[in-house]
Amino acid sequence: MLRRSWKPVAAAVVAAGPAYYWYSARQSETFELPVRVRQPDGKVGMTTKTLPLLSVDEVNKRLRERATTETTPRSNGIVWNYANASLPSNDPIEDAHSKQIVQRDESDPSAPGDYVFFTVMDGHRGPETSQLLSQILINAVSLELSKLISSSASSKSTLSRVTSLFASSADANPVNVANAIQLAFTNLDRELINAPIRIFASNIDEKSRDSKIVPDFSQHPLALKTMQPAVSGSCALMAMFDTAHDDLYVACAGDARAVAGASSSDGSWHVDVLTEDQTGRNPKEKARIQSEHPADEKENVIRNGRVLGGLEPTRAFGDARYKWPREIHDLQVLNQAFMVGNNLQLRPQPSALKTPPYVTARPEVTHRKVSFKTPGENGIRFLVMATDGLWDELTSEDVAGLVLGHLEGLKGVIPKSELSALVPMSTKTATVQGKDQRRQRGSGSWAFIDDNIGVHLIRNALGGGDETELRKLVSIPAPWSRSHRDDITVTVVWWHAGQEGNASSVSTSAPKAKL
C-alpha cells in the first residue's frame, strides 16, 4: 500500500477559468453564466444569469449526499466492498442504480456460491425508464439464469445426471450465460414497449371500437406507469459476478462504461476496458444499424453520430418512438387515450423513420475469469461502472489510476503529471469513445480527499484540485447545468478473500433471494 501524503498544491496550480463564466468575489460570492433562454417572440437567445457560488462545505455536502459505502462478508470467504455516488444535473436526476446478491439454491449442482449483481442506468427524456429498470432488471436476468439451470437439469437422463456431477453445469458455459442475459434484456424491453398497447387493447369496448372514438384512459392506474417507461429511455450497464465459477459478465446496452483494474504476476497493473460506447460514432454500431435496414436508408439511419439524427445511444431500453411501427404514432390512439388527459403529448416519430426498430436493448456481453478465493491472485481486482457523465470528463485510464491511487492510500492534492509515476498502469484494451470529444477542464491536479471512491471520482471529474472550477460547476442549477455537465452515477466494486471466519461479523447487505 502506498502511504505517500501530499500537501495541497492547489495554490500552486493556476488554471484559467473557462470563458463561459467569470467569478465575482464580493461579500456574497457569485458568478455570471451565459445561458440560453426563450425570448417573448419564441426565439432562443442568450442572456447572463448571476448565480450564487456554493462554498467548499456546500459543494462537499452536495457531492456526498447521495453517496453510500458498504462492506458485505459472505459465507464463502469473499468480502465485497461497494461504493456508489451520484450527482444530479437534470431535475430530477435521470440516472439510477441497483445491486443484489442472489444466493444459489442448495439444489443447484454448482452450489454453493452467489450471483452478485451491480447495475447503473442512464436515462434520457425523463427518469421513468431508468427507475423502473433499477427495480426489475436484475430480477429479469435472474429469472433467465434460473431457467438455464433448471432446463439443463430437467433434460438429463438418469445416467447423464450422475455423470454431470463431474462435469460443468449449463451456467458454467459463458456462451450460455451471455445468451441468457441478452434474452432477459430483449424480453424485458419488449414488455416495456408493448405494455401500453396491451392495456389499451384490453380496455377498449365494442362501442368505442365500432364508433372509432378513442376513449380516455388517462386516469387508468397503469396509464402513465406503462406509457412513460416506454416513451422515455435508458441505457443499462450490468455486472454479474458468479463466484461458483469464478466468472465476471458485463452487459452493456448504451453508452455507460465499465472499466476494470487488473494486476499482473510482476506486480504491475493494467486497465481493462470491458465495454464499448454504443453510439452512432462507434464504427461497429454504425455498420450494424446500416446492415439491419434497406440500402436506401444507409445515409440516414445514422446522421451526425445519432440514430436518425436524434438519439445518441444506439442501444437502450424504452425509446418507443424509434421502435413502434409508424401506424402507432400516426393513429394517435395511445396519445389520445393515455397522454392528453394528463396534459402530456407524445413526441412525433423522426421524419426519416421507415423500417423500425432502429434501437435495440440487446446488450453486448463481455466475459472475464476472476479469482475470488486466493488473496493477491493476479487478474481483475476492482471494477468501475459509470454513466457517460463521468466519461465525458475523464478517460478510462484516468479513472483506473484514480481508483488504484485511492485504494493504495494516496492523500492530498497531486499534480496530474505525477500520478502515473505513483500508480503506473498500462492499457490492455483501448476505449471505443462514443462522443466526438471529451470536455477539457482547466485543472492540473487530482484531489485525494474523499473516503467514498465514487465521490472521489466525481470530484476529480469536475475540477479535482481546482476548488474554484469545482465550486462553479457544482453551483450551476438545472436546467442550465446540463450544458456544462451531465448526471453522473458511479459504482466501484472491489473484494477481498480468505475471510471465512468473518462471514457473520459485519453485513450491511444480505442476499435478497435464492436462485
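These notes cover the structure that comes with them. (Residues numbered from 1 in each chain as written. Predicted model: local features only at pLDDT ≥ 70, side-chain atom pairs only at ≥ 80, totals over all residues. Heavy atoms only, no water.)

Some thoughts on the sheet that holds strand 4 (residues 68-73)
Moving on, step 1. Reading across the sheet, the seven strands line up as 4-5-20-16-10-11-18 and stay open at both edges, with mixed pairing between neighbours. If you trace the sheet from one side to the other, it starts and ends with strand 4 and strand 18 (425-429), each paired once. Sheet twist, expressed as the average angle between the axes of neighbouring strands with direction ignored, equals 20°.
Moving on, step 2. Contacts between helix 11 (residues 396-407) and the sheet are confined to strand 10 (257-263), strand 11 (269-273), strand 16 (379-386), strand 18 and strand 20 (488-496), with strand 16 contributing the most and set at about 115° to the helix. (Pairing = 2+ DSSP bridges. Helix = DSSP H or I, 4+ residues; strand = E, 2+ residues; numbered from the N terminus. Axes fitted to C-alpha atoms, helices over the stretch in contact; angles between N-to-C directions. Contact = heavy atoms within 4.5 Å.)

Observations concerning the nonpolar core
Moving on, step 1. Of all hydrophobic cores here, the largest spans 41 residues; its most connected members are L390, L457, L462 and V490.
Moving on, step 2. The residues contacting V490, other than those within four sequence positions of it, are A83, N84, A85, V384, M385, A386, L390, G454, L457 and I458.
Moving on, step 3. Counting residues in each nonpolar core, the second largest holds 29 residues, with A170, M238, M240 and F317 among its members. (Core = buried A, V, L, I, M, F, W, Y, C linked by side-chain atoms within 4.5 Å. Buried < 20%, exposed > 50% of the residue type's maximum accessible area, 1.4 Å probe, protein only.)

Side note on the packing of aromatic side chains
Think of a pair of aromatic rings as described by two things: how far the centres are apart, and how the planes are tilted against each other in angle.
Moving on, step 1. This model, assessed by the stated rule, comprises 14 aromatic pairs.
Moving on, step 2. Geometrically, the ring pair formed by F185 and F317 is tilted, given 5.4 Å between the ring centres and 45° between the ring planes. Highlighted residues: F185 in helix 4 (residues 174-203) and F317 in strand 14 (residues 317-318), separated in sequence by 132 residues.
Moving on, step 3. Since its relative accessible area comes to 0%, F185 is described here as buried.
Moving on, step 4. Plain terms: the ring middles of F217 and F338 are 6.2 Å apart, the flat faces sit at 40° to each other, and that makes the pair tilted. Highlighted residues: F217 in the loop between helix 5 (206-211) and helix 6 (223-231) and F338 in helix 9 (residues 333-339), separated in sequence by 121 residues. The two residues F217 and F338 agree in class, both being buried.
Moving on, step 5. Pairwise contacts between aromatic rings join W80, Y82, F118, F241, F372 and W495 into one cluster.
Moving on, step 6. Looking at K99, its charged tip hangs above the ring of Y82, at a distance of 5.2 Å from the centre. (Phe/Tyr/Trp six-rings, centres within 6.5 Å; stacked < 30°, edge-to-face > 60°. Lys NZ or Arg CZ within 6 Å of the ring centre and 35° of its normal.)

Here's the deal with helix 4
Moving on, step 1. The end-to-end C-alpha separation of helix 4 is 43 Å, in line with the 44 Å expected for 30 residues at 1.5 Å each.
Moving on, step 2. Largest kink in helix 4: about 45°, centred on N194, with the proline P196 one to four residues after it.
Moving on, step 3. With a side-chain oxygen lying 2.9 Å from the backbone nitrogen of V175, the N-terminal cap of helix 4 falls on N173. (Expected span 1.5 Å × (residues − 1). Bend = angle between axes of the 7 residues up to and from the residue. Polar contact = N/O pair within 3.5 Å; in protein donor to acceptor, adjacent residues only side chain to side chain.)

Looking at the environment of I136
Moving on, step 1. Turning to its location among the elements, I136 is positioned in helix 2 (residues 128-154).
Moving on, step 2. Using a relative accessible area of 26% as the deciding quantity, one classes I136 as partly exposed.

Digging into the packing of helix 1 (residues 56-64) against helix 14 (residues 467-475)
Moving on, step 1. One way to put it is that helix 1 packs onto helix 14 with a least axis distance of 10 Å and a crossing angle of 60°. Taken together, the axes of helix 1 and helix 14 lie oblique to each other. Crossing angle aside, the handedness with which helix 1 passes helix 14 is left-handed. Of helix 14, the residues touching helix 1 (which contributes V56, V59, R62 and L63) are E467, L470, R471 and V474.
Moving on, step 2. When the residues that make up the contact of helix 1 with helix 14 are grouped by side-chain class, the tally is five nonpolar, no polar and three charged. (Parallel < 35°, antiparallel > 145°, perpendicular 65-115°, else oblique. Left-handed = near helix turned anticlockwise from the far one by under 90°. Nonpolar A, V, L, I, M, F, W, Y, C, P; charged D, E, K, R; others polar.)

So, the side chain of D319
Moving on, step 1. For D319, the location among the structural elements is in the loop between strand 14 and helix 8 (326-331).
Moving on, step 2. Salt bridges are absent for the buried D319, whose nearest opposite-charge side chain, K323, sits at 5.7 Å.
Moving on, step 3. Separated by 2.7 Å, the side chains of D319 and H124 make a polar contact.
Moving on, step 4. Residues in contact with D319, not counting those within four places in the same chain, are H124, A230, V231, S232, G233, S234 and L311. (Lys, Arg positive; Asp, Glu negative; His and termini not counted. Salt bridge = Lys/Arg side-chain N within 4 Å of Asp/Glu carboxyl O.)

A few points about the pairing of strand 10
Moving on, step 1. Counting buried positions along strand 10 gives seven out of seven residues, so the element sits mostly inside the fold.
Moving on, step 2. Residue alternation in strand 10 divides its side chains into two sets, R257, V259, G261 and S263 and A258, A260 and A262, and both sets are buried.
Moving on, step 3. Strand direction decides the pairing type here: strand 10 and strand 11, joined by five bridges, are antiparallel. For A262, the partnering residue across the bridge sits in strand 11 and is H270.
Moving on, step 4. In this structure, the hairpin formed by strand 10 and strand 11 is closed by a connection of five residues, where G267 is found at a positive phi of approximately 90°.

Topic: unusual backbone geometry
Moving on, step 1. For the bond running from A111 to P112, omega is 0°, close enough to zero to count as cis.
Moving on, step 2. As for its placement among the helices and strands, P112 is situated in the loop between strand 6 (95-103) and strand 7 (114-124).
Moving on, step 3. The backbone of D246 shows a phi angle near 60°, a positive value even though the residue is not glycine.
Moving on, step 4. Looking at the element boundaries, D246 is found in the loop between strand 8 (233-242) and strand 9 (247-253).
Moving on, step 5. Here D246 falls in the partly exposed class, since its relative accessible area comes to 27%.
Moving on, step 6. For D319, which is not glycine, the phi torsion reads 55° and is therefore positive.
Moving on, step 7. Relative accessible area serves as the criterion here: at 4%, D319 is assigned to the buried category.

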